[in-house]
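Each chain, letter by letter, is given below.
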Amino acid sequence: MSSVVQKTAIRGRFLDIQNSVSQATQILGQTRYIEDGLLITEQGKIIWFGDWEAGLSQLTDDMRIDHYPDQLIVPGFIDTHIHFPQTEMVGAYGEQLLEWLNTYTFPTEIQFADKNYADKIAQFFVHELLKNGTTTALVFCTVHPQSVDALFEAAERHQMRLIAGKVMMDRHAPEALTDTAESAYTDSKALIEKWHGKGRNLYAITPRFAPTSTPEQLAKAGQLKAEYPDVYVHTHLSENKNEIAWVKELFPEQQGYLDVYHHYGLTGERSVFAHCVHLEEQEWDCMHATDSAIAFCPTSNLFLGSGLFPLKKAWEKQVKVGLGTDIGAGTAFCHLQTLNEAYKVQQLQGDKLSAMESLYHATLGGAKALHLDDRLGNFNVGKEADFIVLNLKATALQQLRQERAKNIEDALFALFTMGDDRNIQATYIYGQKVYEQV
Ligand code: GUN
Ligand code: ZN
């Protein structure tokens, strides 16, 4: 773990969203853009933020000042759905969800029984997040408890705030990847006791999805959630039409896919459901009534041919939405690329996704989806100092385009359309620079 420098001062051009909103139209009014700003951090938290001139009196001789005159500094990106064991299998050809799981995913995940292997991939994964500007993520591990240890150990080295959990899966998967209702309960409970609230780590109860858990196992997951109400629930929901039909066959007593989770006590303000591409009307209502959140994963939904997520509907129904990469069904770690596809997914439905709304989903909106908007997502004093430094002109084509940008919205939209990890100049976690592009 890196030592915490007492105070760090960052000078540059800052952009964030000041408050969470209930309508997309309110985002512009909450946008805060400071051309020459100053941010001061102490012990991982933001203790001062504002105009450089106004902040001069805050500076002391012993303070290091990191100055980024030509860049743009924004809050760190938040990935609300990603699988660390699938890092090595991005770009697996030709299948949709259920066949993709059996053909590629399960054989890949079997390797994580080996702690050394899990350590190696976890370290690669955490570095990849930092390199891509992601400072917080909600992460699937595998069924193996040691995969959770590997990930939290890797995150702890950078004091990174991660939420993660052991997959619960007791049917419809290879034997080497299944647990039981009872062992999933005891293993998850031990991991909660070991990791939840230790440093910046948080735990998520993680049934893979309804088809791979028996009703007994989902009941155990619900029991755990009742025993530890401040841990998260993280699973998949309504991603693919064949998957939805299968859930209806497997759980005929329930009123639909979401009702399976709701029945077992797995909905709520710390529950995050990945995808939700094909929700029915009463499911939208249940998501809203229970204050559950959605992880919108555009690169994955396009890659697996799952469908187009109706973001406008989520605003109408007042359901929280964060952005997810869903690596390895998703095709990029970087939220700049995720936003590029998110825009196109809305275009295909006749809707627009503005640059500032995109920034919201990638930062404060993601924090809100994770019930962490009191600690993350913008530069408000008191929040945790996780932020990134963006170089808007990382390629010759970007330079040409950025020189013609009409205003900050236009510059940001061009970045979201053309950007990738080459635009991430530096990443700060808890006030410390943990990555810098060389
Ligand atoms: N549904 C159940 N498991 C998975 C998974 O690993 N990835 C995706 N995209 N959907 C799932
Ligand atoms: Zn997923």
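Residues numbered from 1 in each chain as written. Chains lettered and ligands numbered in written order. Predicted model: local features only at pLDDT ≥ 70, side-chain atom pairs only at ≥ 80, totals over all residues. Heavy atoms only, no water.

Going by what an unreviewed UniProt entry lists, the chain is known as Guanine deaminase and is assigned to Acinetobacter nematophilus. Under the UniProt heading Sequence similarities (unreviewed entry), the entry covering the chain gives this text: "Belongs to the metallo-dependent hydrolases superfamily. ATZ/TRZ family." (UniProt positions renumbered as here; feature names shortened; annotations may be inferred.)

Participant: Looking at this structure, how should I read the UniProt feature "domain: Amidohydrolase-related" (unreviewed entry) in the chain?
Facilitator: Annotation from UniProt places "domain: Amidohydrolase-related" (unreviewed entry) at residues 73-434. Secondary structure content for residues 73-434 is 43% helix and 17% strand, while the C-alpha to C-alpha distance between its ends is 15 Å. (Helix = DSSP H or I, 4+ residues; strand = E, 2+ residues; numbered from the N terminus.)

Participant: Please explain the pattern of salt bridges as it appears in this structure.
Facilitator: Note that side chains of opposite charge can pair when their charged atoms are close. With the rule as written, the count across this model stands at 29 salt bridges. Between D16 and R32 there is a salt bridge, with the nearest N and O atoms lying 2.7 Å from each other. A residue pair is termed long-range when its members are at least 10 positions apart, and D16 in strand β1 (residues 7-17) and R32 in strand β2 (residues 31-42) qualify at 16 residues. The buried category is assigned to D16, whose relative accessible area is 1%. With relative accessibility at 16%, the residue R32 sits in the buried group. Residue E153 pairs with K115 through a salt bridge whose shortest N-O separation is 2.9 Å. In this pair, E153 sits in helix α4 (residues 145-156) while K115 sits in helix α3 (residues 115-131), placing the two residues 38 residues apart along the sequence. Taking the relative accessible area as the measure of exposure, E153 reaches 27% and is therefore partly exposed. Overall, the relative accessible area of 25% leaves K115 in the partly exposed class. Through salt bridges with shared partners, one network takes in R161, R200, E384 and D386. (Salt bridge = Lys/Arg side-chain N within 4 Å of Asp/Glu carboxyl O. Buried < 20%, exposed > 50% of the residue type's maximum accessible area, 1.4 Å probe, protein only.)

Participant: Hey, could you run me through the side chain of R32 in this one?
Facilitator: At a separation of 2.7 Å, a polar atom in the side chain of R32 contacts the side chain of D16. Among residues more than four places away in sequence, those in contact with R32 are F14, L15, D16, Q18, F49, F379 and N380. (Polar contact = N/O pair within 3.5 Å; in protein donor to acceptor, adjacent residues only side chain to side chain. Contact = heavy atoms within 4.5 Å.)

Participant: Hey, could you run me through the coordination of the zinc ion (ligand 2) in this one?
Facilitator: In ideal tetrahedral geometry, four donors around a metal make angles of 109.5 degrees, whereas ideal octahedral geometry with six donors gives angles of 90 or 180 degrees. Taken together, H81 (NE2), H83 (NE2), H236 (NE2) and D326 (OD) make up the protein donors of the zinc ion (ligand 2), found 2.0 to 2.3 Å from the metal. Between consecutive donor residues of the zinc ion (ligand 2), the sequence gaps follow H-x1-H-x152-H-x89-D. With H83 in strand β5 (residues 77-83) and D326 in the loop between β13 (320-323) and α12 (335-347), this residue pair connects regions lying 243 residues apart in the sequence. Here H83 and D326 have matching classes, each one buried. (Donors = N, O, S within 2.8 Å, 3.2 Å for Na, K, Ca; no water.)

Participant: In this structure, what is going on with the sheet that holds strand β4 (residues 64-75)? I would like to understand it.
Facilitator: Pairing between sheet strands relies on hydrogen bonds along the backbone, with the strands arranged either parallel or antiparallel. With mixed pairing, seven strands are arranged side by side in an open sheet as β3-β2-β1-β4-β14-β15-β16. Edge strands, defined here as strands with exactly one partner in the open sheet, are β3 (45-51) and β16 (432-436). Direction aside, the axes of adjacent strands within the sheet are offset by 35° on average. Of the pairings in the sheet, the one linking β2 to β3 comprises six bridges and is antiparallel in character. Looking at the pairing, L39 lines up with F49 of β3. (Pairing = 2+ DSSP bridges. Axes fitted to C-alpha atoms, helices over the stretch in contact; angles between N-to-C directions.)

Participant: Help me understand the site of ligand 1 in this model?
Facilitator: Taken together, H83, Q86, L97, W100, L101, R208, F209, H236, E239, H275, D326 and A329 make up all the residues around ligand 1. A distance of 2.9 Å separates an oxygen atom of ligand 1 from a polar atom in the side chain of Q86. If one sorts the elements of the shell around ligand 1 by residue count, helix α2 (residues 97-110) sits on top with three residues. In terms of residue class, the shell around ligand 1 is built from five nonpolar, four polar and three charged. (Near = heavy atom within 4 Å. Nonpolar A, V, L, I, M, F, W, Y, C, P; charged D, E, K, R; others polar.)

Participant: Sorry if this is basic, but what is going on with the packing of aromatic side chains here?
Facilitator: For any pair of aromatic rings, the description rests on two quantities: the centre-to-centre distance and the angle between the ring planes. In the structure shown here, the tally under the stated rule is 17 aromatic pairs. Seen in terms of ring centroids, F84 and F112 are 5.6 Å apart; in terms of plane orientation they differ by 85°. Their pairing is edge-to-face. Note that F84 is positioned in the loop between β5 and α2 and F112 in the loop between α2 and α3, a separation of 28 residues in sequence. We classify F84 as buried; its relative accessible area is 0%. The positively charged end of R11 is found above the aromatic ring belonging to W52, 3.9 Å away from the centroid. One residue, K220, lies across the ring of Y185, its end atom 4.6 Å from the ring centre. (Phe/Tyr/Trp six-rings, centres within 6.5 Å; stacked < 30°, edge-to-face > 60°. Lys NZ or Arg CZ within 6 Å of the ring centre and 35° of its normal.)

Participant: How should I be thinking about the state of the cysteines in this particular structure?
Facilitator: A covalent bond bridging the sulfur atoms of two cysteines is what the word disulfide describes. Throughout the structure, instances matching the rule amount to zero disulfides. Lacking any disulfide linkage, C334 is separated from the closest cysteine sulfur, that of C297, by 15 Å. Exposure remark for C334: the relative accessible area of 0% places this residue in the buried category. (Disulfide = S-S within 2.5 Å.)

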